[in-house]
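Remarks on the overall topology
Listed here are the chains, written in short residue letters.
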Amino acid sequence: MKSENRLREEHVVKIAIGTKKFATIAGHAGRTRDWLMFDTISDKVIFPPRAISLRKAELIHHFGKTGKGPHPLDGAEVIVTGSAGEGFVRHMAKRGARVVMTGEDDPQEAVRKLLAGEPLAATRFDITTMLCKVHDLFSTH
């Protein structure tokens, strides 16, 4: 009985990781098509990750301009990516998600470290981040 109550009290946290072909963590989150959605409780992944492939209109780079309606990444509380512009970070915050940037390559390792409270690898230089900063200066999101 105690374990049933504990499960009810625990909160499922969804972690979305932007990937390159579902294999490695991608940079430039606003244009990332392939995502893995992990459902976690405490320090455990409770299901294998779901693969989500975004259509062009669903890419945050495009979708974020209106931000209206449901989105396949809705429900994620944490978004992990190699890089993201301020517009992406603001857009995801409005949808209830915190963006974490990392230099990690392996999505599974990134989730493991997040759940263990370990630091993720530092981000690497990404020229697209600079381009995003210029784009975000003129963006409405």
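Residues numbered from 1 in each chain as written. Predicted model: local features only at pLDDT ≥ 70, side-chain atom pairs only at ≥ 80, totals over all residues. Heavy atoms only, no water.

Here the focus is the nonpolar core. Across soluble globular proteins, you tend to see nonpolar side chains buried next to one another. By size, the foremost hydrophobic cluster in this structure holds 16 residues, and its most contacted members are A16, W35, I79, F88 and M92. Elements represented by at least two residues in this core include exactly β3 (34-41) and α3 (86-94). One finds I15, I17, F38 and V80 within the second-largest nonpolar core, a separate group that totals eleven residues. (Core = buried A, V, L, I, M, F, W, Y, C linked by side-chain atoms within 4.5 Å. Buried < 20%, exposed > 50% of the residue type's maximum accessible area, 1.4 Å probe, protein only. Helix = DSSP H or I, 4+ residues; strand = E, 2+ residues; numbered from the N terminus.)

Further remarks concern the pairing of strand β7 (residues 98-101). Relative to β7, strand β6 (residues 78-81) runs parallel, the two sharing four bridges. Within β7, the position partnered with V80 by the bridge is V100. (Pairing = 2+ DSSP bridges.)

Summed over the entire model, instances satisfying the criterion amount to eight salt bridges. With its nearest N and O atoms 3.2 Å apart, the salt bridge here joins K44 to D43. With a relative accessible area of 48%, D43 lands in the partly exposed category. A salt bridge links E118 to R112, with the shortest nitrogen-to-oxygen separation between them at 3.1 Å. A residue is classified by how much of its surface remains accessible, and R112, at 38% relative accessible area, is partly exposed. Within the structure, one salt-bridge network assembled from shared partners comprises K14, D39 and R50. (Salt bridge = Lys/Arg side-chain N within 4 Å of Asp/Glu carboxyl O.)

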